[in-house]
Amino acid sequence: MHLDLGGLETITDPTLDQIAHHLRYMPAESSFIVLDRGQEEFVQATIEAGYYRVEHRKSKLHRFCLVDYKKAVSIFEAFHSHNSLDELASWKKLYLTNPKATKWVAISVTVILLGLMSLGIWHEVNQWLEIYR
């Protein structure tokens, strides 16, 4: 397990006290800290409008919440101890794309494809009718 202090320093196997300390005194030069268990699972925090924006990623699950300092510490401690994070905050799913825009793109492409298929079928029917006239 590693605690990355915004690219300034990395602490291997950090203690809970180190995690709490670096959450409270996040270096001004770095805008985030990350506690990871490898590439596929991590929690990270940034300060946003006086709150901590905590993100959690585990495989394809990517979510975030806005919490105060104490809640951020409890989330990092639970992650450090391999406990569930589900009940610690009101998590919101983090989308890498806008799902509403993706829906409209899919609908538009479907309509266009159906239109092209209809034109192709219409053209084939007309050719067939001309052959048998």
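Look a little higher up for the structure.
Draft legend 1. Highlighting the nonpolar core. Residues L23, I33, Y52, V54, V67, I75 and F76 are the most contacted members of the largest nonpolar core, which totals 24 residues. The element best represented in this core is helix α2 (residues 69-80), accounting for six residues. When residues no more than four places from it in sequence are discounted, the contact partners of V67 are Y51, Y52, V54, A72, I75 and A89.

Draft legend 2. Region of interest: helix α1 (residues 16-24). Every buried residue belonging to α1 is among I19, A20, H22 and L23, and all of these are buried. Its buried side turned inward, α1 meets β1 (2-4), β2 (10-12), β3 (33-36), β4 (41-48), β5 (51-58) and α2.

Draft legend 3. The sheet that holds β1, seen in detail. What the seven strands build is an open sheet, ordered β2-β1-β3-β4-β5-β6-β7; its pairing is antiparallel. Two strands lie at the open edges of the sheet, namely β2 and β7 (92-93), each paired on one side alone. In terms of strand pairing, β4 meets β5 through eight bridges, oriented antiparallel. Looking at the pairing, A45 lines up with V54 of β5. Of the strands in this sheet, β3, β4, β5 and β6 (61-67) are in contact with α2, which crosses β4 at around 170°.

Draft legend 4. Structural detail: the packing of α1 against α2. Two numbers describe how α1 lies on α2: the axes approach to 10 Å, and their chain directions differ by 145°. Relative to α2, α1 is oriented so that their crossing is right-handed. Residues L16, I19, A20, L23 and R24 of α1 lie in contact with α2, whose contacting residues are Y69, A72, V73, F76, E77 and H80. Residue classes in the contact of α1 with α2 are distributed as eight nonpolar, one polar and two charged.

Draft legend 5. Local environment of a nonpolar patch on the surface. There is a patch of nonpolar side chains on the surface, built from V109, I112, L113, L116, L119 and W122 and spanning about 640 Å² of accessible area. Note on placement: L116 falls in helix α3 (residues 99-131). The exposure class assigned to L116 is exposed, which follows from its relative accessible area of 52%.

Draft legend 6. The side chain of H56, seen in detail. Following the sequence through the fold, H56 ends up in strand β5. For H56, the contacting residues outside a window of four places in its chain are E41, F42, V43, L61, H62, R63, F79, L85 and W91.

Cut-offs applied
- Residues numbered from 1 in each chain as written.
- Predicted model: local features only at pLDDT ≥ 70, side-chain atom pairs only at ≥ 80, totals over all residues.
- Heavy atoms only, no water.
- Core = buried A, V, L, I, M, F, W, Y, C linked by side-chain atoms within 4.5 Å.
- Buried < 20%, exposed > 50% of the residue type's maximum accessible area, 1.4 Å probe, protein only.
- Helix = DSSP H or I, 4+ residues; strand = E, 2+ residues; numbered from the N terminus.
- Contact = heavy atoms within 4.5 Å.
- Pairing = 2+ DSSP bridges.
- Axes fitted to C-alpha atoms, helices over the stretch in contact; angles between N-to-C directions.
- Left-handed = near helix turned anticlockwise from the far one by under 90°.
- Nonpolar A, V, L, I, M, F, W, Y, C, P; charged D, E, K, R; others polar.
- Patch = residues over 30% accessible without salt bridge, like charges linked within 9 Å, V, L, I, M, F, W, Y side chains within 5 Å.
- Areas by Shrake-Rupley, 256 points an atom, 1.4 Å probe, with all protein chains shown as cover.
- Salt bridge = Lys/Arg side-chain N within 4 Å of Asp/Glu carboxyl O.

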